[in-house]
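Geometric and topological summary
Each chain, letter by letter, is given below.
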Amino acid sequence: MRVRFHLPDFSGNFKLNYMFSELLKHRPEFFREGVEIASFYGVFPPCLWNGGRTQGGMTDKNFIKNVIKVFNDKGIPLRYTFTNMMLEKKHLSDDRCNMILNLSNNGLNEAIVASPVLEDYLRRNYPKFKLTSSTCKRLNTEEALLAELEKDYHIVVIDYDFNNRFDVLEKLPRKKDIEFLVNACCEPDCPRRIEHYKSIGEQQIAYCEHIKKHPNLPFDIEKHDPKNFRACPYSQRGIFEIRDLRTHISPDDIWEKYVPMGFEQFKIEGRTASPLNVLETYMYYMAKPECRDEARFTLLKGMENSRALIFN
Amino acid sequence: MRVRFHLPDFTQHFMFNIIFSEMLKNKPELFREGVEIASVYGTFPPAIWNGGRFAAGKCDKSFIKQVINEFNKRGIPLRFTFTNPVLEKKHVHDEYCNMIMHLADNGMNEVIVASPILEDYIRNTYPNYKITSSTCKRITDPEKMYEEVGKDYHIVVIDYDLNNQFDILEKIPDKKKCELLVNACCNPGCKFRSDHYKMIGAETLAYAEHMKKAPGVSFDFKLPPKYAQYFKEEVEKCQCMNRAVFEIKDMRTHISPEAIWEKYVPMGFEQFKIEGRTIELFNLVEHYMYYMIKPECRDEARLLFLTRLKRQDVIDAPF
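The shown structure was predicted, so the numbers you read here are calculated from the model rather than taken from an experiment.

On to the overall build of chain B. In terms of helices and strands, chain B carries 12 helices and nine strands. Relative to the 2.2 N^0.38 estimate, which gives 20 Å for 319 residues, the radius of gyration of chain B is 19 Å and therefore close to what a compact globule would have. Its C-alpha atoms give chain B principal-axis dimensions of about 55 × 55 × 40 Å. Within chain B, buried positions represent 44% of all 319 residues.

A few words on the overall build of chain A. Along its length, chain A carries 10 helices and nine strands. A globule of 312 residues ought to have a C-alpha radius of gyration of about 20 Å, and chain A, at 19 Å, matches this closely. Taking all contacts inside chain A whose residues are at least 6 apart in sequence as the whole, residues at least 24 apart take part in 73%.

To continue, consider the interface of chain A and chain B. Taken together, the 22 residues of chain A in the interface contact 19 residues of chain B. Looking at the side of chain A that touches chain B, the elements with two or more residues in it are α1 (14–26), α9 (275–286), α10 (292–305) and β9 (310–311) of chain A. Sort the elements by how many residues they give to the side of chain A that touches chain B and α10(A) lands first, with six residues. Class assignment of the residues belonging to the side of chain A that touches chain B gives a composition of 11 nonpolar, five polar and six charged. In terms of strand pairing, β9(A) meets strand β9 (residues 315–316) of chain B through two bridges, oriented antiparallel. Opposite A:Phe311, over in β9(B), you have B:Ile315 as the bridge partner.

Residues and elements named next belong to chain A. Taken in spatial order, the eight strands of this closed barrel run β1-β2-β3-β4-β5-β6-β7-β8, and their pairing is parallel. For this sheet, the mean angle separating the axes of adjacent strands, direction not counted, is 30°. Relative to strand β6 (residues 155–157), strand β5 (residues 130–133) runs parallel, the two sharing two bridges. Paired with Ser133 across the two strands is Val156, which belongs to β6.

Turning to the environment of B:Gly189, a few remarks are in order. With respect to the element layout, B:Gly189 can be found in the loop between β7 (178–181) and α7 (193–213). Placed 49 residues apart in sequence, B:Gly189 and B:Thr140 show a C-alpha to C-alpha distance of 9.5 Å.

The next subject is the sheet that holds strand β6 (residues 155–157) of chain B. Around the barrel, eight strands lie side by side as β1-β2-β3-β4-β5-β6-β7-β8 (chain B); this closed barrel has parallel pairing. Taken over all neighbouring pairs, the strand axes of this sheet differ in orientation by 30° on average, direction set aside.

This paragraph deals with unusual backbone geometry. Each neighbour pair has its own omega, and for A:Pro45 with A:Pro46 the value is -5°, a cis peptide bond. In this fold, A:Pro46 is placed in the loop between β2 (35–42) and α2 (61–73). Omega for the bond connecting B:Pro45 with B:Pro46 falls within 30 degrees of zero, at 5°, which places this linkage in the cis form. On the secondary structure map, B:Pro46 appears in the loop between β2 (35–42) and α2 (61–72). Phi is positive for A:Arg174, which is not a glycine, with a value near 50°.

Residue and element names in this part refer to chain B. The buried fraction of strand β1 (residues 3–8) amounts to five of the six residues, a majority that puts the element mostly inside the structure. Summarising the sheet, β1 and β2 pair through six bridges and their orientation is parallel. Its bridge partner lying in β2, Arg4 is registered against Glu36. With helix α1 (residues 14–26) bridging β1 and its parallel neighbour β2, the resulting β-α-β unit is right-handed. The pairing of β1 with strand β8 (residues 271–273) spans three bridges and is classified as parallel. Bridge assignment links Arg4 to a residue of β8, and that residue is Gln271.

Core analysis: the largest hydrophobic core is formed by 172 residues, its most contacted members being A:Phe5 and B:Leu180. The residues touching A:Phe5, leaving out its near neighbours within four places in the chain, are A:Val35, A:Ile37, A:Ala38, A:Phe266, A:Ile268, A:Tyr285 and A:Met286.

Let us now look at the pairing of strand β7 (residues 178–181) of chain A. All names here are of chain A. Neither face of β7 is open: one carries Ile178 and Phe180, the other Glu179 and Leu181, and all of them are buried. As paired strands, β6 and β7 are joined by two bridges and run parallel to one another. When the bridges of β7 are listed, Val156 appears paired with Ile178. As judged from the three bridges shared by β7 and strand β8 (residues 265–267), these two strands associate in the parallel manner. Residue pairing for β8: Phe180 is matched across the bridge by Phe266.

Further remarks concern α2(B). Each α-helix winds once per 3.6 residues, and so residues spaced three or four apart point in a common direction. Residues and elements named next belong to chain B. Here α2 contains 12 residues, and its C-alpha end-to-end distance of 16 Å stays within 8% of the 16 Å for a straight helix at 1.5 Å per residue. Listing the buried residues of α2 in full gives Val67, Ile68 and Phe71. Taken around the axis of α2, the buried residues stretch over an arc of 95°, which confines them to a single face. The exposed set on the far side of α2, more than 90 degrees from its buried face, consists of Lys61, Ser62, Lys65 and Asn69.

Residues and elements named next belong to chain B. Here α1 crosses helix α12 (residues 298–311) at 130°, and the two axes come no closer than 10 Å. Taken together, α1 and α12 sit at an angle that is classed as oblique. Like other packed secondary-structure pairs, α1 and α12 cross with a definite hand, here right-handed. In this structure, α1 contributes Phe16, Ile19, Phe20 and Met23 to the contact, and α12 contributes Leu304, Phe305, Arg308 and Leu309. Looking at side-chain class alone, the contact of α1 with α12 contains seven nonpolar, no polar and one charged residues.

Residue and element names in this part refer to chain A. Here α9 spans 16 Å end to end across 12 residues, near enough to the 16 Å set by a 1.5 Å rise per residue. In terms of residue burial, α9 counts as a mostly covered element, since 12 of its 12 residues are buried. Looking at α9, one finds that the buried residues are Pro275, Leu276, Asn277, Val278, Leu279, Glu280, Thr281, Tyr282, Met283, Tyr284, Tyr285 and Met286.

Let us now look at the environment of B:Cys178. Residue and element names in this part refer to chain B. In this structure, Cys178 sits in strand β7. In this structure Cys178 comes out as buried when scored by C-beta crowding, with 25 C-beta atoms within 10 Å. When neighbours within four sequence positions are excluded, Cys178 is seen to be in contact with Val149, Val156, Ile158, Ile172, Phe269 and Gln271.

Conventions and cut-offs
Residues numbered from 1 in each chain as written. Chains lettered and ligands numbered in written order. Predicted model: local features only at pLDDT ≥ 70, side-chain atom pairs only at ≥ 80, totals over all residues. Helix = DSSP H or I, 4+ residues; strand = E, 2+ residues; numbered from the N terminus. Rg over C-alpha atoms; globule rule 2.2 N^0.38 Å. Buried ≥ 20, exposed ≤ 12 C-beta atoms within 10 Å, placed from the backbone. Contact = placed C-beta atoms within 7 Å. Nonpolar A, V, L, I, M, F, W, Y, C, P; charged D, E, K, R; others polar. Pairing = 2+ DSSP bridges. Axes fitted to C-alpha atoms, helices over the stretch in contact; angles between N-to-C directions. Right-handed = clockwise from strand over helix to strand, strands pointing away. Core = buried A, V, L, I, M, F, W, Y, C linked by C-beta atoms within 7 Å. Expected span 1.5 Å × (residues − 1). Arc of directions from axis to C-beta. Parallel < 35°, antiparallel > 145°, perpendicular 65-115°, else oblique. Left-handed = near helix turned anticlockwise from the far one by under 90°.

Function-wise, these values are silent; they only describe arrangement.
See below:
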């Protein structure tokens, strides 16, 4: 049995994810049957092609090289969330994004895509990267989903409004290549979701332009959020507030329903969540319930020892 | 039903305990039935009367006042761990310790004692303080323990080698007055325990002297010749204090939360001490969750507590 998890943010959550991967390696008895880390996804900010969540910050080349090496040496791919839907041809030549791809162009790493413009560019210039089709595309009809599964994507992350729709899921081909976002914080069937992803894409472009021109000035996100998505109350929901959503997939469902059906890829979101919430979400999904307290404690202690968490 | 917990350290864990007490007030539904904070115990280093655990550091008067005020205004007594067993007469006049006693002398605060010399002094000089008899006294003989409970202490902390010895505990006449240390990390029946308390006492004296003479130089824990009699090699090697909550549950002295609610409280006990003045903070978080939070709310309560600690900058997450 393989239960493969895609985990959030190799950059902002670098230490958490590194310590977590070590815990999984050295204390496998803490974890549910078959748990594997399929990838750590995210970007190295600032990143023009990034989508799904607006991410600020600054990472230098040494850090980028180090992160790639540390995770790739453990056999874990990085998967870039290059899902900015607002990209145009002029953005494809972005130095930094191309530099990142060149640094990790070793056949192990992957990219998630939503924009056809960028997808074509990656297929032509970086054919070694495995491509994942993004849930940002909002393919929420059965026809569109089936058509997507016919394309040569390595993985297709299905629109999470299909989560728990077993009548639809049962009929899908290529179940091993289908990935489920299990802990979505967004409202099921949210009518504004695609608009939100587009707005995030625009913000990301504006942020990258700002940081080039004024690296020392704060970015005024308000100016780049005309539809006021910042006021959306759902994006900050934690692991204890989403469990009753229709789209939520519980760990018991993963092991008792989805895996027996033939699915094996599961995505945990959390790139912009509090790291404490991410850690709790990892425990909820991947640690055996009876080992959760000890696993969490071991991880927290490890993070304290490595100064990823500091008590003042 | 009252289940009164005495919690570790108002100095090192100052904001930690304030935030926890606020959570008990604001989210009582997460807690087991009847949980109360009976006191937060500890010391303001470098107080020479301190015992039980070595406490380094230096507290100024405004910090001391602030800590007293923050806990007392929430109705929580401070309880000073003035249990240094190697004190002599000359030590009772220590200016710093007496200053602490004066600042907190409002009838609400308490003190734990082990040394008869200090106990006499405090009874005479600070009659407002409620006095707790310390487990450091190592009263393991049941008859002597019953006798101790009969004295005019506010609370008697029972030697934890007697934990779970229900035949002995059953016969205590005044169980409400007794306090049980529930999460001891020390080996049951440890023959070095008294020596360990004495060595800590001597280190505390040596540290305070060092801080007076050379406050800018780090303390090397080497006991000066005048305290050589308190040095014990076995004690120096002891690693038991680093045990996590998951490593102590099988010890015969361990009292589980289920035992508290199902055995001890029905017997009439209501005072429980959680040790942890010097343990790692995440270990302490786990102890608080284990003992005081309903098992089905533990994950949620822990995340809430950690999040509040982070929000108040008690935890920094620079990743």
